[in-house]
Amino acid sequence: MKIAISLIFTILFCAVRPATAHISQDMPDAVAEMEYRILLDFQPEKNDVRNKLGMALFRMKKIDQAEKEFKIVLANDPKNFNATDAMGLVLLKRGEARKALAQFKAAIAIKSSDILVYYHLGLAYIQLKNLPMAQAALKACLKKSVLPDQPPLNKQVRKKLLKVKETLAQVNKDLLTSSTPTVLYPQMYCNVNKSYRYVS
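Residues numbered from 1 in each chain as written. Predicted model: local features only at pLDDT ≥ 70, side-chain atom pairs only at ≥ 80, totals over all residues. Heavy atoms only, no water.

1. Description of the overall build of the chain
Logical step 1: Helix and strand counts for the chain come out as 10 helices and 0 strands.
Logical step 2: In sequence order, the secondary structure elements of the chain are arranged as α-α-α-α-α-α-α-α-α-α.
Logical step 3: Looking at the chain as a whole, 46% of its 200 residues are labelled buried.
Logical step 4: A separation of at least 24 residues holds for 59% of the contacts in the chain among residues at least 6 apart in sequence. (Helix = DSSP H or I, 4+ residues; strand = E, 2+ residues; numbered from the N terminus. Buried < 20%, exposed > 50% of the residue type's maximum accessible area, 1.4 Å probe, protein only. Contact = heavy atoms within 4.5 Å.)

Next comes the structure, spelled out in structure tokens:
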């Protein structure tokens, strides 16, 4: 009976919401987790769905579970950009900035056209108190967002770019005053997960 209900739910879910759909900001992460787990029961090879499950778990602060999902994706597809970038966010959340930095650089090597990976890179540099490199990464993020070949930005990305500008302004201020990073930064890197997105 439970399998039959799950099958019906999955058929309805797939009919309304294709596997490439991104997590809606309006969908509670607990609901998204359930939907993606059901899909993966029937299609465990769907890396895009597993990445989205991982990010839903990440936003709910289930860091270990999120990491497990990203590791599964990377075991199947070592060059998967989303999982590589997301593993960097996991490491950043744990305060392992050097390892996170390596992940973000690896993600950029896979897909240098992505905008927000440069923001994540900048946040890693901020954790490491390397403000000049943080400044360069944040500027790269903003520069790439206005390139002619950049696809239209969705609402979530445009909102995140405002946060990038705020972070860059604070970095610029700290560089001018030669002060150490302010308490603003930890709040920003801890909240980066809330608006992380996938663009289908």
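2. Description of helix 8 (residues 131-145)
An α-helical turn contains 3.6 residues, so a residue and the one three or four places further along point in the same direction.
Logical step 1: In this model helix 8 runs 21 Å from its N-terminal to its C-terminal C-alpha over 15 residues, within 8% of the 21 Å that 1.5 Å per residue would give.
Logical step 2: Turning to helix 8, its buried residues number three or more, namely Leu131, Ala134, Gln135, Ala137, Leu138, Cys141, Leu142 and Ser145. Along the axis of helix 8, the buried residues cluster in a sector spanning 165°; they form a single face. (Expected span 1.5 Å × (residues − 1). Arc of directions from axis to C-beta.)

3. Observations concerning unusual backbone geometry
Logical step 1: Phi is positive for Lys61, close to 65°, though the residue is something other than glycine.
Logical step 2: Under the relative-accessibility criterion, Lys61 is labelled exposed at 60%.
Logical step 3: In this structure, Lys129 takes a positive phi of about 60° despite not being glycine.
Logical step 4: Of note, Lys129 is situated in the loop between helix 7 (116-127) and helix 8.
Logical step 5: Relative accessible area serves as the criterion here: at 59%, Lys129 is assigned to the exposed category.

4. Observations concerning the side chain of Ser145
Logical step 1: Position of Ser145 among the secondary structure elements: in helix 8.
Logical step 2: Exposure remark for Ser145: the relative accessible area of 13% places this residue in the buried category.
Logical step 3: Within the structure, the side chain of Ser145 is placed 2.6 Å from the backbone oxygen of Leu142, a separation counted as a polar contact.
Logical step 4: Setting aside residues no more than four positions away along its own chain, Ser145 makes contact with Ile115, Gln150, Leu153 and Leu161. (Polar contact = N/O pair within 3.5 Å; in protein donor to acceptor, adjacent residues only side chain to side chain.)

5. Re the nonpolar core
Logical step 1: Membership of the largest hydrophobic core comes to 50 residues, with the highest contact counts inside it found for Phe104 and Cys141.
Logical step 2: Every element with two or more residues in this core is listed here: helix 2 (29-42), helix 3 (47-59), helix 4 (63-76), helix 5 (81-93), helix 6 (97-110), helix 7, helix 8 and helix 9 (155-177).
Logical step 3: By residue number, the principal contributor to this core is helix 7, which donates 9 residues.
Logical step 4: Residue contacts for Cys141: discarding those within four places in its chain leaves Ile115, Leu116, Tyr118, Tyr119, Leu161 and Val164. (Core = buried A, V, L, I, M, F, W, Y, C linked by side-chain atoms within 4.5 Å.)

6. Here's the deal with the environment of Leu89
Logical step 1: Tracing the sequence through the fold places Leu89 in helix 5.
Logical step 2: In the structure, Leu89 is positioned 34 residues away from Leu123 in sequence and 9.6 Å away in space, judged by C-alpha atoms.

7. Description of the pattern of salt bridges
Logical step 1: Inspection of the entire model under this criterion finds 10 salt bridges.
Logical step 2: Arg37 is the partner of Glu33 in a salt bridge, and the nearest nitrogen-oxygen pair spans 3.1 Å. Taken together, the residues span about one helical turn, with Glu33 and Arg37 both in helix 2 at a distance of 4 residues.
Logical step 3: A relative accessible area of 30% means that Arg37 is categorised as partly exposed.
Logical step 4: We note a salt bridge from Glu69 to Arg37, for which the minimum N-O separation is 3.9 Å. One end of the pair, Glu69, is in helix 4; the other, Arg37, is in helix 2, with 32 residues separating them in the sequence.
Logical step 5: The structure contains a network of salt bridges with shared partners spanning Glu33, Arg37, Arg50, Lys62 and Glu69. (Salt bridge = Lys/Arg side-chain N within 4 Å of Asp/Glu carboxyl O.)

8. A closer look at helix 3
Logical step 1: Here helix 3 contains 13 residues, and its C-alpha end-to-end distance of 18 Å stays within 8% of the 18 Å for a straight helix at 1.5 Å per residue.
Logical step 2: Of all 13 residues that make up helix 3, 12 are buried, and the element is covered over most of its length.
Logical step 3: Within helix 3 the residues assigned to the buried category are Asn47, Val49, Arg50, Asn51, Lys52, Leu53, Gly54, Met55, Ala56, Leu57, Phe58 and Arg59.
Logical step 4: Those residues of helix 3 that are buried lie in contact with helix 2, helix 4 and helix 5.
Logical step 5: Looking at the residues trailing helix 3, positive phi occurs at Lys61, about 65°.

As far as function goes, none of this settles anything; it's purely spatial.
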